[in-house]
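What follows is the residue order along each chain.
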2 protein chains.
Amino acid sequence: MSSVWNQARRAARMNPSIIREILKVTEKPGILSMAGGLPSSDTFPVEELKAACDRVLSENAKEALQYAASEGFAPLREWVAARSAELGMQVAPEQVLITSGSQQGLDLVGKILCDAGAPVAVETPTYLGALQAFTPYEPIFTSLASDAQGVDPAALARLPHDAPGTRFAYLLPNYQNPTGRVMPLERRQAAVAAAQQAGVPIVEDNPYGDLWFDEPPLPSLSSLWPEGSIYLGSFSKVLTPGFRLGYVIAPSELYPKLLQAKQAADLHTPGFNQRVVYEVVRNGFLDQHIPKIRARYKANRDAMAEGLKQHLPEGCEWQTPQGGMFFWIRLPEGLNVMDLLPKAVDAGIAFVPGAAFYAHSPDPRTMRLSFVTLTPAQISEGVAILGRVLREAIDNGAEITP
Amino acid sequence: MSSVWNQARRAARMNPSIIREILKVTEKPGILSMAGGLPSSDTFPVEELKAACDRVLSENAKEALQYAASEGFAPLREWVAARSAELGMQVAPEQVLITSGSQQGLDLVGKILCDAGAPVAVETPTYLGALQAFTPYEPIFTSLASDAQGVDPAALARLPHDAPGTRFAYLLPNYQNPTGRVMPLERRQAAVAAAQQAGVPIVEDNPYGDLWFDEPPLPSLSSLWPEGSIYLGSFSKVLTPGFRLGYVIAPSELYPKLLQAKQAADLHTPGFNQRVVYEVVRNGFLDQHIPKIRARYKANRDAMAEGLKQHLPEGCEWQTPQGGMFFWIRLPEGLNVMDLLPKAVDAGIAFVPGAAFYAHSPDPRTMRLSFVTLTPAQISEGVAILGRVLREAIDNGAEITP
């Protein structure tokens, strides 16, 4: 029987998240999972949130439970604007749009900037969720050459030739998901200069910037080119992802259109959630809370760095991340991560194949390991198992897909 | 200086909400506003929500504050599926997608079903927020002839001729925003039969169905044609809009694509909010709570019905709504509601011009009056002022725009 439904052309481009499908396979009891991109639930400030819920519902229930402004809760917008000064930005509260997680920021940016067939430039590799958010708006992705310091400025400079009419370059300067890499200051300056020269604006995504271990954050790309940048931030990694609170900081020129897109998408982000989070952050709570998350994640990072050094066979390549949540491993020639995953799951561990994070030409030898959901002891155990699985695959060379 | 930003073609179609702009003008202290579409904040179950927040954060904090499934919280999906039986529907939990308000349901439906230039049929008039949600996906709207019983089935039957390739008809059978009208059973049956015959599926929006005053709800359109209907529901009018919780019930055929659109849009609706609302509704709370809202709104409706009869000049037309939140008034020939609004605001009242709710050919003689945010005494006073403003306009006929 034929269907009465005709789907949009864009629907054919949309696909289920590969990671999501992989996580289903790897969700077995007892497995040591380094696959998920979840923050550690031990870092959620439960008591503070509970007290704040109570306060909001005791003091401002009617306002918190009613429809609210699409722009977001004004005091929270002011807080975001003020805090962005830490990254060298000068932001007016009127430039801040509160979103339902920074994923929604990506969706709204796609909605107002992407046209079918118009290029959008992304890092190699890049955040999978951004590819998913932009894809329904049918851009043509351009994969920018990138190295351990992030995007190659020369690739940005070549955009007018390689991909004329590029709507924006989507960049993640801090502890990028999936690679964990950070852009040094000189690279930031060179990249922004190249983008300016090329006339390609920047969409900067910074969910992990607060999770630095060694050096405090560098100036944001947006601080170097305010009128040519949109900045996306999130409360998911420093408070809780379960409240779905993020924000977009946009040039005044773009703000009204972003706001209309927000209004059409869900009217506004829950006012209750915004008020509760504002209650928690208003008096400097994050200044004592984030250092605790950093200390915890840094110890985990150290455990994984040590384990990898000890257990991974020769020929594996990685950099130790200076912040964030992920190691990015490249296996020796001849190994294929997708083929290894079932063996790893059988052996009791899980990770995410890096192939999911490429707009083009996935590198089948890459994998992403999260170090924030397991304990240091579990990380050591998990990485030891990974080492055994890899050695076995190398030893049974015959089984390896070339 | 030319801008570095190139906006999407669809962005040019997007506009700020006219209602929003009007509400700004009418938000003066002391004004008796019948303009907003807000539920009465006196109906929000503050103590129940407070207890539920506390329970969720005491018993399931880590799960409630972590990333969660894009489909929604499983027990809440089961609750929604079971409750839909009241409207004659047979729904599996797997068909339920929890959304960030039903506005997001409209956005996701537009995303997977609308193509640039493909027709979408709407009632005359229709819900403004739906026009806003669909517009970024660049459909061509077809305004279906409608009367006091809702959409004209003959107009649906003519769609293959009038607008071939129509993707869906967007219908609001219960106490429609803005007209307050309800579709009688025979009209529902005739409309669904006509849509089936025309091969045009239905998107049914039912935010007000629980707010009936005289007769319990009729079977939903979706119950009459499950495989050809998407159903949108909401917790905004029966619990709180500030939690932004709605849901889509979709045929299995469409569910995976809707889910992908949801994931791309904001990953998931806040898990905390879903668990809190589930805690509140799980043991039958709504069965005692909704009758209280109905009794309150019915008294208000009666006050407005009485006031309108007493104060409105001859030639004004309206029907007394059997549920929901709105009266819809049509003024005598020669009056223009937009011209009257500033005078009304000066006189101390506000309403929404009906023109905002038309996809085509707005009727400048229509206005929407909400009866749920004021008290009965304020309603009487407000309607008396409206009567004076109208009489004055009629008496000063020379000032009236023809």
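Rules used in this analysis
Think of each chain on its own: its residues are numbered from 1, step by step along the sequence as written. Each chain gets a letter, beginning with A, and each ligand a number, beginning with 1, in the order they are written. Confidence filtering applies because this is a predicted model: local features only for residues at pLDDT of at least 70, side-chain atom pairs given and counted only at 80 or more, and all residues used for totals across whole chains, interfaces and linings. With hydrogens and water excluded, all non-hydrogen atoms of the structure serve as input to the side-chain values. Here a strand is any run of E in DSSP of at least two residues, a helix any run of H or I of at least four, and the numbering for each starts at the N terminus. Every radius of gyration here is taken over C-alpha atoms, with the globule rule written as 2.2 Å times N^0.38, N being the number of residues. Categorising residues by exposure relies on relative accessible area from a 1.4 Å probe, with only protein chains included: less than 20% of the type maximum marks a residue as buried, more than 50% marks it as exposed, and the intermediate range marks it as partly exposed. Residue exposure ignores everything except the shown protein chains as possible cover, and the areas themselves are Shrake-Rupley values with a 1.4 Å probe. This count recognises Lys and Arg as positive and Asp and Glu as negative, with His and chain-terminal groups excluded. A single reference atom marks each charge: NZ on Lys, CZ on Arg, CG on Asp, CD on Glu. When DSSP finds two or more bridges between two strands, those strands count as paired. Axis definition: a line fitted to C-alpha atoms, limited for helices to the stretch in contact. Angles are taken between N-to-C directions and run from 0 to 180 degrees. Only heavy atoms enter the contact rule, under which two residues are in contact if any of them lie within 4.5 Å. By buried area we mean the combined loss of accessible area, with a 1.4 Å probe, across both parts when two parts are placed together. Each reported salt bridge corresponds to a side-chain nitrogen of Lys or Arg within 4 Å of a carboxyl oxygen of Asp or Glu. For this analysis, a polar contact is any N or O atom pair within 3.5 Å, provided that within protein one partner can donate a hydrogen and the other can accept it, and provided that sequence-adjacent residues contribute only side-chain to side-chain pairs. Side-chain classes are defined by residue name, with Ala, Val, Leu, Ile, Met, Phe, Trp, Tyr, Cys and Pro counting as nonpolar, Asp, Glu, Lys and Arg as charged, and the others, Gly among them, as polar. A residue counts toward the fit only if its pLDDT is at least 70 in both copies, and the copies are then superposed by least squares on the C-alpha atoms of those residues. In this scheme, a helix's expected span is set at 1.5 Å multiplied by one less than its residue total. For this quantity, the arc is that covered by the directions from the helix axis to the C-beta atoms. Confidence of the predictor in every single residue is expressed as pLDDT, which spans 0 to 100. Residue ranges assigned to each domain were obtained from an automatic or database domain assignment. Throughout this description, any angle smaller than 35 degrees is read as roughly parallel, any larger than 145 degrees as roughly antiparallel, any in the 65 to 115 degree range as roughly perpendicular, and the remainder as oblique. Handedness of a helix crossing follows the sense of rotation of the near helix relative to the far helix, less than a right angle counterclockwise being left-handed and clockwise being right-handed.

Before going further, it helps to spend a moment on the overall build of chain A. Each helix and strand counted, chain A has 16 helices and 14 strands in total. In terms of C-alpha radius of gyration, chain A reaches 22 Å, essentially the compact-globule figure of 21 Å for 402 residues. Taken across its 402 residues, chain A has 64% of its residues classed as buried. Entry remark: accessible area of chain A is about 14,300 Å², with carbon and sulfur atoms responsible for 51%. Counting 35 positive and 42 negative side-chain charges, chain A places the averaged centre of each group 3 Å from the other.

Turning to the sheet that holds strand 4 (residues 140–143) of chain B, a few remarks are in order. Residues and elements named next belong to chain B. Ordered in space as 2-10-9-8-7-3-4, the seven strands form an open sheet in which the pairing is mixed. Of all strands in the sheet, those bounded by a partner on one side alone are strand 2 (96–99) and strand 4. Averaged over all pairs of adjacent strands, the angle between strand axes in this sheet comes to 20°, irrespective of strand direction. Packed onto the sheet, helix 5 (residues 74–83) meets strand 2 and strand 10 (246–249) and runs at close to 115° relative to strand 2.

The subject of this paragraph is the interface of chain B and chain A. With 84 residues of chain B in contact, the opposing surface of chain A contributes 84 residues. Around 7,100 Å² of area is buried between chain B and chain A when both sides are counted, 58% of it from carbon and sulfur atoms. When the buried area of chain B at its contact with chain A is split by residue, W5, L65 and Y67 of chain B rank highest and sum to 12% of it. Its salt-bridge partner being K111 of chain A, residue D107 of chain B comes within 2.7 Å of it at the nearest N-O pair. Where chain B meets chain A, there are 45 residue pairs in polar contact (both at pLDDT 80 or more). Elements represented by at least two residues in the side of chain B that touches chain A include exactly helix 1 (9–13), helix 3 (46–59), helix 4 (61–65), helix 6 (101–113), helix 7 (128–134), strand 9 (229–234), helix 12 (255–266) and helix 13 (271–281) of chain B. Ranked by residue count, the leading element in the side of chain B that touches chain A is helix 12 of chain B, at eight residues. Considering only residue class, the side of chain B that touches chain A consists of 39 nonpolar, 27 polar and 18 charged.

Right, let's get into the relation of the copies chain B and chain A. When chain B is brought onto chain A, the operation consists of a screw motion whose angular component is 180° and whose axial shift is 0.0 Å, with 0.0 Å RMSD remaining. Accordingly, the operation relating the two chain copies is best matched by a two-fold axis. When each C-alpha of chain B is compared by its distance to the rotation axis, C53 of chain B comes out closest, at 3.5 Å. In this assembly the copies share their binding face: 100% of the residues contributing to the interface of chain B also contribute to that of chain A.

What follows covers the sheet that holds strand 11 (residues 326–330) of chain A. Residue and element names in this part refer to chain A. An order of 11-14-13 is seen for the three strands of this open sheet, with the pairing classed as antiparallel. Either end of the sheet is taken by a strand with one partner, and the two such strands are strand 11 and strand 13 (352–353). One ladder, built from five bridges, connects strand 11 with strand 14 (residues 366–370); its direction is antiparallel. Among the inter-strand pairings, F326 is bridged to a residue of strand 14, identified as S370.

Once that is clear, we can look at helix 3 of chain B. Here helix 3 of chain B spans 20 Å end to end across 14 residues, near enough to the 20 Å set by a 1.5 Å rise per residue. Where helix 3 of chain B is concerned, the buried positions are V46, L49, K50, A52, C53, V56 and L57 of chain B. Along the axis of helix 3 of chain B, the buried residues cluster in a sector spanning 165°; they form a single face. Exposed side of helix 3 of chain B, more than 90 degrees from the buried face: E47 and E59 of chain B are the residues found there. Taken together, the buried residues of helix 3 of chain B touch helix 3 (46–59), helix 4 (61–65) and helix 13 (271–281) of chain A together with helix 4 and helix 13 of chain B.

Quick look at the confidence of the model for chain A now. Residue and element names in this part refer to chain A. Overall, the predicted model of chain A reaches an average pLDDT of 95, with 99% of residues at or above 70. Below a pLDDT of 50 lies the segment residues 398–402, which in the model reaches seven contacts outside its immediate sequence neighbourhood of four places, other chains included. Note on the complex model: pTM 0.96, ipTM 0.96.

What the rule picks out here adds up to 38 salt bridges over all chains. When the shortest N-O distance is used, the salt bridge between R282 of chain A and E279 of chain A registers 3.1 Å. Under the relative-accessibility criterion, E279 of chain A is labelled buried at 17%. E138 of chain B is the salt-bridge partner of R9 of chain B, the closest N and O atoms lying 2.9 Å from each other.

Residues and elements named next belong to chain A. Taken as a whole, chain A is organised into domain 1 (9–44 + 287–395) and domain 2 (67–284). Domain 1 and domain 2 are separated by 25 Å when their C-alpha centres are compared. The interface of domain 1 with domain 2 comprises 37 residues on the first partner and 38 residues on the second. Of the roughly 3,300 Å² buried between domain 1 and domain 2 on both sides combined, carbon and sulfur atoms contribute 60%. Applying the counting criterion to the domain 1 and domain 2 interface returns four salt bridges.

Take the environment of A190 of chain A next. Residue placement: A190 of chain A occurs in helix 10 (residues 185–198). In the structure, A190 of chain A is positioned 39 residues away from V151 of chain A in sequence and 9.9 Å away in space, judged by C-alpha atoms.

With that settled, the discussion passes to the environment of A118 of chain A. All names here are of chain A. Tracing the backbone through its elements, the reader meets A118 in the loop between helix 6 (101–113) and strand 3 (119–122). For the pair formed by A118 and G165, sequence separation is 47 residues and the distance between their alpha carbons is 6.6 Å. Among all residues touching A118, those that are not within four sequence positions of it are P139, I140 and R167.

Before going further, it helps to spend a moment on the environment of L340 of chain A. Residues and elements named next belong to chain A. Inspection of the secondary structure assignment puts L340 in helix 15 (residues 337–347). Taking the C-alpha atoms as reference, L340 lies 7.7 Å from V389; in sequence the two are 49 residues apart. What L340 contacts, discounting residues up to four positions off in sequence, is L331, V389, L390 and A393.

We now examine the packing of helix 14 (residues 285–311) of chain A against helix 16 (residues 376–395) of chain A. Residue and element names in this part refer to chain A. The contact between helix 14 and helix 16 brings their axes to 9 Å, and the two run at 25°. With respect to their mutual orientation, helix 14 and helix 16 come out roughly parallel. Helix 16 is crossed by helix 14, and the crossing has right-handed handedness. Across the interface between the two elements, N300, A303, M304, G307, L308 and H311 from helix 14 touch P376, I379, S380, V383, A384, G387 and R391 from helix 16. For the contact of helix 14 with helix 16, a count of residues per class yields seven nonpolar, five polar and one charged.

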